[in-house]
Amino acid sequence: MAEPTVPATGALAALDLLRIEHAGAVTHVRLNRPVKRNALNDTLVAQLQAAFTGLPPETCAVVLSGEGSHFSAGLDLSELSERSVAEAVVHSRSWHAAFEHIQFGRVPVVAVMHGAVVGGGLELAVAAHIRVAERSVFYGLPEGQRGIFVGGGGSTRIPRLIGAARMADMMLTGRVYDAEEGLRIGLSQYVVDEGQGLAKGFELAHKIAANAPLSNFAVLHALPRIADMGQAEGLFLESLMAAIASGDPAAKDRIKAFLEGRAAKVAKQ
Ligand code: 1HE
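So, here is what we can say about the structure in this document. Because the structure is a prediction, the values reported are computed rather than measured.

## Some details on the overall build of the protein
Looking only at helices and strands, one finds 12 helices and 10 strands in the protein. Radius of gyration (C-alpha) of the protein: 19 Å, near the 18 Å computed for a compact globule of 269 residues. Reported as C-alpha extents along the three principal axes, the dimensions of the protein are approximately 65 × 45 × 35 Å. By residue count, 43% of the 269 residues in the protein fall in the buried class. In the protein, 68% of the contacts between residues at least 6 apart in sequence involve partners at least 24 apart. Working note: accessible area of the protein is about 13700 Å², and carbon and sulfur atoms make up 60% of it. In the protein, 25 side chains carry a positive charge and 27 a negative one; their mean positions are 5 Å apart.

Following this line, the structure appears as structure tokens:
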């Protein structure tokens, strides 16, 4: 039976550009600026940081989605013209800080996307760990056409998923990828029919939330760092992380349960 959904309380409830609800161990964070297509203004970026640093201890996974007809239209362009060069650097760094709390936070994040996932909206989505795309999704990086550059961490995260050549093509020519193409090149791990994204996102998030916390920690914090290391350093860190995770009582309980026939086998899906 599905977990009952309850609205967040306290500081999380006060974040008016987000709508936050809890469904058991899964917290649903919705971008809630549909009139502006969830364009990310300074307040919304600050609220994302507040949300991801203020998750209650009961939260073990997050679903991140957008209210209205699109996931996100990216940077709020109406704020752009007012910034000096110095302010623009600080602004970009504020996005880095906020999205760092998503990628390297305490819990795994599943982004559920529909419609436009463009510019800073794509930068936000790629800070999540799993991406589920509904068929309406289109990915674009219109920064090249707007005369700007990515500033929300996109140049570090997107090439790791699709390669620098594909990102360069998106930025130089305005190439837009649809949901199926995005799946093929690595922008999402799942594509689902329209309207099915949240169901899939919650199904995945509840599975993730049931993992041993140290396994999830290792995937979030050790895996990306190891992937960036040379092999010798990576292998060494992998050994340490493996020993730490397997030494935890949660691992021992799970392995005992499997050996006693009380845990699920790996099966074709
Ligand atoms: C906005 C924004 C925005 C919509 N900033 N206000 N991002 C872009 O270049 C994408 C620009 N947006 C679009 O291409 C389209 O709006 C969409 C494809 C996303 C959606 O189209 P549609 O037809 O559903 O909506 P709309 O009628 O275009 O927009 C509805 C309203 O949202 C409208 O305002 P209104 O007051 O006239 O109703 C739009 O002006 C407003 N709106 N997108 C501000 N982005 C850290 S660096 C990151 C750099 C970037 O992200 S660059 C990419 C910016």
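Read on, since the account is not over.
## What to know about the sheet that holds strand β9 (residues 177-178)
Note on sheets: strands pair through backbone hydrogen bonds, and any given pair is parallel or antiparallel. Read across the open sheet, the 3 strands follow the order β6-β8-β9; overall the sheet is mixed. Only two strands of the sheet have a single partner each, and these edge strands are β6 (116-118) and β9.

## Observations concerning the pairing of strand β5 (residues 109-113)
For β5, a buried count of 5 out of 5 residues is recorded, marking the element as mostly surrounded by other parts of the structure. Alternating residues of β5 divide into Val 109, Ala 111 and Met 113 and Val 110 and Val 112, and every residue in both groups is buried. Considered for its hand, the β-α-β crossover made up of strand β4 (residues 61-66), helix α3 (residues 85-103) and β5 is right-handed. Where β5 and strand β7 (residues 130-134) come together, 4 bridges link them in parallel fashion. Residue Met 113 lies in a different strand from β7, and its bridge partner there is Ala 133.

## A short note on the site of the ligand
In the neighbourhood of the ligand, 22 residues make up the surrounding shell, with Lys 36, Arg 37, Ala 73, Gly 120 and Arg 146 lying closest. Between the ligand and Val 35 there is a distance of 3.5 Å, counted from an oxygen atom to a backbone nitrogen or oxygen. Between the ligand and Lys 36, the relevant distance is 2.6 Å, taken from an oxygen atom to a side-chain nitrogen or oxygen of the residue. Relative to its free-state accessible area of 1000 Å², the ligand is covered by the protein chains to the extent of 66%. Elements with a contribution of two residues or more to the shell around the ligand: β6, α4 (120-125) and α5 (143-146). Each residue belonging to the shell around the ligand can be placed in one class, and the counts come to 10 nonpolar, 6 polar and 6 charged.

## Topic: the side chain of Arg 30
Looking at where Arg 30 falls in the secondary structure, it is placed in strand β3 (residues 26-31). Among the polar contacts listed, one links the side chain of Arg 30 to the side chain of Glu 67, at a separation of 3.2 Å.

## A few points about the nonpolar core
With 49 residues, the main nonpolar core has Leu 18, Leu 48, Phe 52, Met 113, Leu 122, Leu 124 and Tyr 139 as its most contacted residues. For this core, the element with the highest residue contribution is helix α2 (residues 42-53), accounting for 5 residues. In terms of nonpolar packing, the next biggest core, distinct from the first, is built from 13 residues, Val 63, Phe 202, Ile 208 and Ala 209 among them.

## Observations regarding unusual backbone geometry
Of note in the backbone geometry, Arg 37 takes a positive phi value of approximately 55° without being a glycine. Located in the positive-phi region is Asn 38, a residue other than glycine, with phi close to 55°. Turning to its location among the elements, Asn 38 is positioned in the loop between β3 and α2.

Rules used throughout
- Chains are numbered independently. Their residues run from 1 in the order of the written sequence.
- Selection of residues for local features in this predicted model requires a pLDDT of at least 70, selection of side-chain atom pairs for listing and counting requires 80 or more, and totals for whole chains, interfaces and linings are taken over all residues.
- Neither water nor hydrogens contribute to the side-chain values; these are computed over all heavy atoms in the structure.
- To qualify as a helix, a DSSP run of H or I must reach at least 4 residues; to qualify as a strand, a run of E must reach at least 2; elements of each kind are numbered from the N terminus.
- Note that the radius of gyration is over C-alpha atoms, with the globule rule given as 2.2 Å times the number of residues to the power 0.38.
- Relative accessibility thresholds used throughout: buried, under 20% of the residue-type maximum; exposed, over 50%; partly exposed, between the two (1.4 Å probe, protein chains only).
- Between two residues, a contact is recorded if the distance between any of their heavy atoms is within 4.5 Å.
- Using the Shrake-Rupley algorithm and a 1.4 Å probe, accessible areas are obtained, with residue cover drawn only from the displayed protein chains.
- Under this rule, positive means Lys or Arg and negative means Asp or Glu; His and the chain ends count for nothing.
- One atom stands in for each charge, and that atom is NZ of Lys, CZ of Arg, CG of Asp or CD of Glu.
- Paired strands, as defined in this entry, are two strands with at least two bridges between them according to DSSP.
- By convention, a crossover is right-handed whenever its connection, traced from the first strand over the helix to the second and viewed with the strands pointing away, goes clockwise.
- For each residue, the test is whether any non-hydrogen atom lies within 4 Å of the molecule or strand; if one does, the residue is near.
- Any pair of nitrogen or oxygen atoms within 3.5 Å is treated as a polar contact; in protein, a donor-acceptor pairing is required on top of that, and neighbouring residues in sequence qualify only through side-chain atoms on both sides.
- By the convention adopted, Pro, Cys, Tyr, Trp, Phe, Met, Ile, Leu, Val and Ala count as nonpolar, Lys, Arg, Asp and Glu as charged, and the other residues, Gly among them, as polar.
- In this description, a nonpolar core means a group of buried Ala, Val, Leu, Ile, Met, Phe, Trp, Tyr and Cys residues linked to one another through side-chain atoms lying within 4.5 Å.

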